[in-house]
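Observations on the model geometry
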Amino acid sequence: MKLLNRSALSVKPTQDFVDWVNSLAPTVGDDDLTLDDVSRESTVYLIPEMETQDALETFVRERYLDVLESELRAWEEDELQWPENLDWGLFQRFLSVEHSYLAIDLDNDTPLEIAEVDDALLLDMQQD
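Residues numbered from 1 in each chain as written. Predicted model: local features only at pLDDT ≥ 70, side-chain atom pairs only at ≥ 80, totals over all residues. Heavy atoms only, no water.

Size it by volume and the second largest pocket reaches roughly 170 Å³. Leu-9, Gln-53, Leu-56, Glu-57, Val-60, Arg-61, Trp-88, Val-97 and His-99 are the residues that line the second largest pocket. Secondary-structure elements contributing two or more residues to the lining of the second largest pocket are helix H3 (53-75) and strand E4 (95-100). The dominant element in the lining of the second largest pocket, judged by the number of residues it contributes, is H3, at 5 residues. Residues belonging to the lining of the second largest pocket are distributed by class as follows: 5 nonpolar, 2 polar and 2 charged. (1 Å grid on protein atoms, 1.4 Å probe; cavity = no way out; pocket = protein on both sides within 12 Å on 5 of 7 lines; lining within 4 Å. Points joined across faces, edges and corners; volume = space filled by probe spheres on them. Helix = DSSP H or I, 4+ residues; strand = E, 2+ residues; numbered from the N terminus. Nonpolar A, V, L, I, M, F, W, Y, C, P; charged D, E, K, R; others polar.)

Put into structure tokens, the structure is as follows:
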């Protein structure tokens, strides 16, 4: 096990987010996604180690737009289909965030690699 010098945010969609996803391509009845369907779609974002709740809140407020855009893009690439106002209120309505102070890597065999996030790669991973 390796202790990473990071904290983590686990981000999950809320019912409002699911309603938005379902509004993108209208379906009938059982074809609509449910909150249970997308609750397995959480994303973990590694963040700097946070010593206090105030530091965490400040960091999240500064970076919420990056997270929100990433989560929207995972479901809809066309930004014209996104909600009009990507503000703090939308972030709070669309996403549930849980903080973990420690991040531990349980994979002793594979070294950590650093790569820039490629939106196309994220979309491919979502579709697999």
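If you trace the 3 strands from one edge of the open sheet to the other, you get E3-E2-E4, paired in antiparallel fashion. Across the chains shown, the open sheet's two edge strands, defined by having one partner strand only, are strand E3 (43-47) and E4. Strand after strand, the sheet turns through a mean of 25° between neighbouring axes, direction not considered. Here strand E2 (residues 7-13) pairs with E3 via 5 bridges, running antiparallel. Looking at the pairing, Ser-10 lines up with Val-44 of E3. Contacts between H3 and the sheet are confined to E2, E3 and E4, with E3 contributing the most and set at about 140° to the helix. (Pairing = 2+ DSSP bridges. Axes fitted to C-alpha atoms, helices over the stretch in contact; angles between N-to-C directions. Contact = heavy atoms within 4.5 Å.)

For helix H1 (residues 15-24), the full list of buried residues reads Phe-17, Val-18, Trp-20, Val-21 and Asn-22. Buried-residue contacts for H1 involve E2, helix H2 (35-39), H3, helix H4 (88-94) and E4. (Buried < 20%, exposed > 50% of the residue type's maximum accessible area, 1.4 Å probe, protein only.)

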